[in-house]
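Structural overview for review
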Amino acid sequence: MNKVLFTPGPTNVPEEIRHVLGQDLIHHRMADYHKLLKEVNEDLKCIFDTKNDVLILTSSGTGSMESTVVNLFSTNDEVLVINTGWFGERFIEICKVYGLKVHELSYEWGNTYNIKEIEKMLEDYPSIKGIFVTYHETATGVVNHLEPLGRLTKQTDRLLIADCISGMVVQDFHFDEWGVDCAVASSQKGFLLPPGLSFVALSDKAKVALEHSNIPKYYWDYRKYLNYFNNKSEQPFTPAISIVLALQVALKQLLNKGLTKVIEDKQFIRKYAEEKFKDLGFTLFIEDESIRGNVLVPVIVPDEIDGSKLTALIDERYNFTVAGGMNQYAGKMLRIGIIGEITNKEIDLLIEYIQEVLPECKK
Ligand SMILES: Cc1ncc(COP(=O)(O)O)c(C=O)c1O
């Protein structure tokens, strides 16, 4: 029996896409690949809602996060990282590794940022060159709305860099209109593909910043990707060709369905799952509905239940894989990923299986 992934990436990959992944390869320096890359670039522009080309890196999400730091900044540059959880923390770590001076605004897990504090930070430290933010924080399920941040950076030289790795596709997103300067996303999330590709959109302001960065880089150098794409419709290094072929099909499916409909369907499943878990005696982790994302449903397990045993048992017995809480929420939270092809019938089954194992999970 196949696993059903209720995880916030990787997701269940639809049959039609798995079929493409097993097809014969084409060569990445030949005409058919050039055509493929141009076509997926056009479709990615629709997903990001941008007029700018979208680069494709062969890496997991973290590689693309690192690529933003090494391409857009120089050692000793001051930056602000908005930290609302595990992945915000990762941006801090990467910036520090490359010698950037990091100002942090950290928020308790389950909360979003406070715009007044961001404004004050920018007033107090006018030399801050960029703001890093996680659009959807996968550790908590919180959406950090980007539009208000874009209003602070749009008319300035400051850059807004958004980790949209889990939020892309299933959350509303408008790169140009919101004034985002660099957004990264990854194949194994809302795109319904295996891990292996990351996508990077850059504004004109970000392209200027590339020219001034002094951080050493080779594989991640965006200038190479831009040159190869503009001059040859290629990438500089051997890409994960199978996943690019599958991306072409996945993007067509998403765009044919329409992003508005994709998002509406996810919202429906989120609300459906929220109600079912409340009925089961679990507590919704995020109180404020306006910051709940469509990637996963985070719920706190009842006090007497061992959440780690629960996820282990339903995985072992029923092949239903649910993500648990991270860090201080390990064993105390479930993160029910809904970005894959998940229906309300599967949510019903999940609830049934959880009910069956609950008595065995008492502490
Ligand atoms: C918001 C966010 N950022 C970064 C990452 C890291 O991506 P990866 O594990 O693909 O390197 C993830 C992965 O779950 C994520 O959800």
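Residues numbered from 1 in each chain as written. Predicted model: local features only at pLDDT ≥ 70, side-chain atom pairs only at ≥ 80, totals over all residues. Heavy atoms only, no water.

Concerning the pattern of salt bridges
- Under the counting rule described, the total for this entry stands at 22 salt bridges.
- Note that K129 is salt-bridged to D77, the shortest N-O span being 3.1 Å. Separated by 52 residues along the polypeptide, K129 in strand β5 (residues 128-134) and D77 in the loop between α3 (61-72) and β3 (78-83) bring together distant segments of the chain.
- What makes K129 partly exposed here is its relative accessible area of 43%.
- Close ionic contact of K205 with D181 constitutes a salt bridge, the shortest N to O distance being 3.7 Å. Of the two residues, K205 sits in helix α8 (residues 204-210) while D181 sits in the loop between α7 (175-178) and β9 (182-186), which places them 24 residues apart along the sequence.
- Taking relative accessible area as the criterion, D181 reaches 4% and is therefore assigned buried.
- If you follow the salt bridges from partner to partner, you end up with R270, K271, E274, E289 and R292 in one network. (Salt bridge = Lys/Arg side-chain N within 4 Å of Asp/Glu carboxyl O. Helix = DSSP H or I, 4+ residues; strand = E, 2+ residues; numbered from the N terminus. Buried < 20%, exposed > 50% of the residue type's maximum accessible area, 1.4 Å probe, protein only.)

Some words on the sheet that holds strand β11 (residues 283-284)
- An order of β1-β13-β14-β12-β11 is seen for the five strands of this open sheet, with the pairing classed as mixed. Two strands close off the open sheet at either side, each with one partner strand: β1 (4-6) and β11.
- Where β1 lies against strand β13 (residues 320-324), three bridges are found, and the strand directions are parallel. Each bridged residue has a counterpart across the sheet, and for V4 the counterpart in β13 is F320.
- Of the strands in this sheet, β11, β12 (296-300) and β14 (333-337) touch helix α11 (residues 259-279), which is tilted by about 15 degrees from β12.
- Its contacts with the sheet put helix α13 (residues 344-357) on β1, β13 and β14, and the angle it makes with β13 is roughly 80 degrees. (Pairing = 2+ DSSP bridges. Contact = heavy atoms within 4.5 Å. Axes fitted to C-alpha atoms, helices over the stretch in contact; angles between N-to-C directions.)

Considerations on the domain arrangement of the protein
- Here the domain parsing of the protein yields domain 1 (4-9 + 258-361) and domain 2 (15-256).
- Taken over C-alpha atoms, the centre of domain 1 sits 27 Å from the centre of domain 2.
- Listed per partner, the contact involves 26 residues of domain 1 and 29 residues of domain 2.
- A buried area of about 2,100 Å², summed over both sides, lies between domain 1 and domain 2, and 66% of it is on carbon and sulfur atoms.
- Viewed at the interface, domain 2 and domain 1 are joined by zero salt bridges.
- In this assembly, domain 1 and domain 2 are joined by ten residue pairs in polar contact (both at pLDDT 80 or more).
- Looking at the side of domain 1 that touches domain 2, the elements that each hand over two or more residues are α11, β12 and β14.
- At four residues, the largest contribution of residues to the side of domain 1 that touches domain 2 is made by α11.
- Split by residue class, the side of domain 1 that touches domain 2 holds 14 nonpolar, eight polar and four charged. (Domains from an automatic or database assignment. Buried area = accessible area lost by both parts, 1.4 Å probe. Polar contact = N/O pair within 3.5 Å; in protein donor to acceptor, adjacent residues only side chain to side chain. Nonpolar A, V, L, I, M, F, W, Y, C, P; charged D, E, K, R; others polar.)

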